[in-house]
Amino acid sequence: VILRWAFDIAVLKSVLPIWLSMKPNAAAAFILIGIALLVFSTHKAKHSILLLNISRFFALLAGLIGLVSLCEYIFGWNPGFDQWLYSEPSGVVGKSSLGRMAPDTAFCFILFATAWEFARRPRQTNQTMGAALLIGAVLTVVAVIEMLSFVTPNIRIYGWGGVTMMALPAAILFAVLGAVIIQGSWGSIFGNRFTRFTRNIMISAYLSILLAAVFALYIQ
């Protein structure tokens, strides 16, 4: 996505020409999340606390980008934050503010940063992991709703409240990240060795999330 904005590569704009493309700030936040996941996955026992804090920092930074973008919608700010990396031309389909990520995209970044903070605190408890599990479920539901909206007979042009809608690649990534949070939190609470019962509960939970997303889309 960053290369698409830097060199105006049409192939990387979106899945289909009529669909909205991911914005530079959203791409930058996903890069920060990728760094957070990479740092955490490579941590060693000797430097676990330091690398854990670095991972949390990058995740919180991604959440901060989402928070600033969401505050722009709520308070009507326009400090030019959305155009810092690259300028977006006017007249883009489905855009209410140039270069600004969708409010649900910003909300999902906040959800992930919050869930990651609960899930990767130095001192973990069942309560913190349960909170991460719940937030991960909400993140997955929101992402799946956005994904399903792209396959409905009448594809909407705008998102929440008539403003910018989430790009499909962002929705897919958030759905995957939400599933990662759910599975990691579940494993920390109930153990990594799933019995047949806990495995069935996990499958039921995923199906319940999918059902909730479909129902919410139907109501919308």
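Check the entry above for the structure.
Criteria and cut-off values
- Residues numbered from 1 in each chain as written.
- Predicted model: local features only at pLDDT ≥ 70, side-chain atom pairs only at ≥ 80, totals over all residues.
- Heavy atoms only, no water.
- Phe/Tyr/Trp six-rings, centres within 6.5 Å; stacked < 30°, edge-to-face > 60°.
- Lys NZ or Arg CZ within 6 Å of the ring centre and 35° of its normal.
- Helix = DSSP H or I, 4+ residues; strand = E, 2+ residues; numbered from the N terminus.
- Expected span 1.5 Å × (residues − 1).
- Buried < 20%, exposed > 50% of the residue type's maximum accessible area, 1.4 Å probe, protein only.
- Lys, Arg positive; Asp, Glu negative; His and termini not counted.
- Salt bridge = Lys/Arg side-chain N within 4 Å of Asp/Glu carboxyl O.
- Contact = heavy atoms within 4.5 Å.
- Core = buried A, V, L, I, M, F, W, Y, C linked by side-chain atoms within 4.5 Å.
- Axes fitted to C-alpha atoms, helices over the stretch in contact; angles between N-to-C directions.
- Parallel < 35°, antiparallel > 145°, perpendicular 65-115°, else oblique.
- Left-handed = near helix turned anticlockwise from the far one by under 90°.
- Nonpolar A, V, L, I, M, F, W, Y, C, P; charged D, E, K, R; others polar.

> Is there a simple way to think about the packing of aromatic side chains in this case?
Within a pair of aromatic rings, the relevant descriptors are the distance that separates the centres and the angle that separates the planes. Enumeration over the complete set of coordinates arrives at six aromatic pairs. Aromatic side chains F57 and F58 sit 5.6 Å apart centroid to centroid with 70° between the ring planes, which places their arrangement in the edge-to-face category. Clustering of aromatic rings is evident, with ring pairs tying together F30, F109 and F174. R120 extends its terminal NZ or CZ atom over the ring of W116, reaching a point 5.0 Å from the ring centre.

> I keep staring at helix α2 (residues 24–41) and nothing clicks. Help me out?
Each turn of an α-helix holds 3.6 residues, which means side chains three or four residues apart point in the same direction. Along its 18 residues, α2 runs 26 Å from first to last C-alpha, staying within 8% of the 26 Å computed at 1.5 Å per residue. Of the residues making up α2, those classed as buried are P24, N25, A26, A27, A29, F30, L32, I33, A36 and V39.

> Can you help me understand the side chain of R120 in this one?
Position of R120 relative to the elements: it lies in the loop between α4 (103–119) and α5 (126–149). This buried residue, R120, is left without a salt bridge; E117 holds the nearest opposite charge, at 10 Å. Excluding residues that lie within four positions of it along the chain, R120 makes contacts with F40, L52 and R56.

> Whenever I open this one, the nonpolar core confuses me. Can you help?
One broad rule of soluble globular proteins: the nonpolar side chains tend to lie buried together. Residues F30, F109, F112 and F174 are the most contacted members of the largest nonpolar core, which totals 36 residues. Those elements giving two or more residues to this core turn out to be α2, α3 (48–75), α4, α5 and α6 (168–190). Per-element accounting of this core gives the leading share, eight residues, to α4. Dropping the residues within four chain positions of it, F112 is found in contact with I33, L37, A59, L139, L177 and I181. Counting ten residues, the second-largest nonpolar core is a separate cluster that includes I182, W186, M202 and A213.

> I'm lost on the environment of R121 in this one. Help?
Along the polypeptide, R121 turns up in the loop between α4 and α5. Relative accessible area serves as the criterion here: at 36%, R121 is assigned to the partly exposed category. Residues R121 and N53 lie 68 residues apart in sequence; the distance between their C-alpha atoms is 8.5 Å. Ignoring sequence-local partners within four residues, the contact set of R121 consists of L52 and T128.

> Can you walk me through α4 in this structure?
Here α4 is 17 residues long and its end C-alpha atoms lie 24 Å apart, about the 24 Å a rise of 1.5 Å per residue gives. Within α4, 13 of the 17 residues are buried, which leaves the element mostly enclosed by the surrounding structure.

> What should I look at first to understand the packing of α4 against α5 in this one?
Angle between the axes and distance between the axes are the two parameters that describe a pair of packed helices. For the pair α4 and α5, interaxial distance at closest approach is 8 Å and the crossing angle is 160°. One finds that α4 runs roughly antiparallel with respect to α5. As for how α4 packs across α5, the hand of that crossing is left-handed. Of α5, the residues touching α4 (which contributes D104, C108, L111, F112, T114, A115, F118 and A119) are T128, M129, A131, A132, I135, G136, V138, L139, V142 and E146. Its residues placed into classes, the contact of α4 with α5 shows 13 nonpolar, three polar and two charged.

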